[in-house]
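One-letter residues, chain by chain:
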Amino acid sequence: MKTLEHQITITEAINSLEAQQMSDQELILYEKAIKEVKKKRGIGGRYGGEEHYKSGRDDYMTPPDIYGSLLELFNRNKFDIDVCCTKENIPANIHYTKNENGLLQKWSGLCFCNPPWDKTPKWVAKGFEESTNPGTHICFVIPSNRFETGYMQDYIINNPNALWLILPQKRGFIIPGQEDKKPIPSVGVAIAIMSPEAKKLQKEINNKNLFKATAFIGNS
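Quick caveat: nothing in here was measured; it's all calculated off a predicted structure.

## Concerning the sheet that holds strand β4 (residues 137-143)
Across the sheet, which stays open at both edges, the seven strands sit in the order β2-β1-β3-β4-β6-β5-β7 with mixed pairing between neighbours. Among the strands making up the open sheet, the edge pair consists of β2 (92-95) and β7 (216-217). Where strand β1 (residues 79-84) meets β2, three bridges bridge the pair, whose relative direction is parallel. Note on β2: the bridge partner recorded for F79 is A92. Packing of helix α4 (residues 120-130) onto the sheet brings it into contact with β1, β3 (110-113), β4 and β6 (189-194), and relative to β4 it is tilted by some 165°. Lying over the sheet, helix α5 (residues 150-157) contacts β4, β5 (162-166) and β6, oriented at roughly 125° with respect to β5.

## Section: the pairing of β5
Burial within β5 is extensive, with four of its five residues counted as buried. Where β5 meets β6, five bridges bridge the pair, whose relative direction is antiparallel. When the bridges of β6 are listed, W164 appears paired with A192. Bridge analysis of β5 against β7 gives two bridges, and the strand direction is antiparallel. Looking at the pairing, W164 lines up with F216 of β7.

## Here's the deal with the packing of aromatic side chains
Here the distance between the centres and the angle between the planes together describe a pair of aromatic rings. On inspection of all chains with the given rule, the structure shows six aromatic pairs. Ring plane angle 45° and centroid distance 5.2 Å describe the contact between F79 and F112, whose orientation is recorded as tilted. Residue F79 is found in strand β1, and its partner F112 is found in strand β3; the two are separated by 33 residues along the sequence. Across the pair, exposure class does not vary: F79 and F112 are buried alike. Both rings, one in W107 and one in W123, keep their centres 6.1 Å apart while their planes meet at 20°; by these two values the pair is stacked. Here W107 is found in the loop between β2 and β3, whereas its partner W123 is found in helix α4, with 16 residues between them in sequence. When its relative accessible area of 0% is taken as the criterion, W107 is described as buried. Owing to a relative accessible area of 7%, W123 belongs among the buried residues under this scheme. Following the ring pairs from residue to residue traces out a cluster consisting of F147, W164 and F216.

## A closer look at the environment of I205
Examined against the element boundaries, I205 turns out to sit in helix α6 (residues 198-208). A relative accessible area of 0% places I205 in the buried class. I205 sits 133 residues away from E72 along the chain, and the two C-alpha atoms are 10.0 Å apart. With sequence-adjacent residues up to four places away left out, I205 is seen in contact with L73, L163, L165, I193, L210, F211, A213 and A215.

## Section: the confidence of the model for the protein
If pLDDT is low for a region, its predicted coordinates should not be looked at in detail. Residues of the protein with pLDDT of at least 70 account for 80%, and the chain-wide mean is 84. Taking the mean pLDDT of every element in the protein, the minimum, 64, falls on helix α1 (residues 10-18) and the maximum, 98, on β3. Of the regions scoring below 50 in pLDDT, residues 1-6 engages in ten contacts with residues more than four places distant in sequence or in other chains. Contacts of residues 45-53 to residues separated by more than four positions or lying in other chains number 32 contacts, the stretch itself having pLDDT below 50.

## Description of the side chain of S69
Along the chain, S69 falls in helix α3 (residues 64-73). A distance of 3.5 Å separates a polar side-chain atom of S69 from the backbone oxygen of L210. Residue contacts for S69: discarding those within four places in its chain leaves L210 and F211.

Conventions used here
- Residues numbered from 1 in each chain as written.
- Predicted model: local features only at pLDDT ≥ 70, side-chain atom pairs only at ≥ 80, totals over all residues.
- Heavy atoms only, no water.
- Pairing = 2+ DSSP bridges.
- Helix = DSSP H or I, 4+ residues; strand = E, 2+ residues; numbered from the N terminus.
- Contact = heavy atoms within 4.5 Å.
- Axes fitted to C-alpha atoms, helices over the stretch in contact; angles between N-to-C directions.
- Buried < 20%, exposed > 50% of the residue type's maximum accessible area, 1.4 Å probe, protein only.
- Phe/Tyr/Trp six-rings, centres within 6.5 Å; stacked < 30°, edge-to-face > 60°.
- pLDDT = per-residue confidence, 0-100.
- Polar contact = N/O pair within 3.5 Å; in protein donor to acceptor, adjacent residues only side chain to side chain.

Quick look at the structure:
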């Protein structure tokens, strides 16, 4: 068996595995080496590789294939406010960046919110409060694997003025400075809308199949 310091072909590796000639320690080292190569090449893993998505970043931008259907739903070409953005990539009249801090601002009209996902509870709670403002509709882009959490249950699942759906297939986001590169599908994404017209919007989404996914209304 060759050590990892030497070149090893795929055929040799497979033959060694099948013949059970690779020790447990060698197998662990070999797996680590493969992971490092995959990271450098930007393949595999939840975030698609080291030079692509990193879980610690919070400045990824939303691509048109996600927010476009929301604008179509409301028959608009732009949102009134992007309440949480890195830069002005979302078509909106007003953009709240970190400097303005959307958590401290008033939300009104048609709002878009793709918050840092590790801080989603704060933004969803804020949206719940602001959604009572007259004529306000708040569109969230949030993780699809948090529906069991308290904030999802309280503010969306059991909110009769909210609807939600899970987008089909994994989605990718735009990396600042790499706007010319196609986003790499990497995470499950859910859409939630808080609105006094939630039931009407739910029917329209499902009738038009806008997101190619079924929209559900919150429990009353």
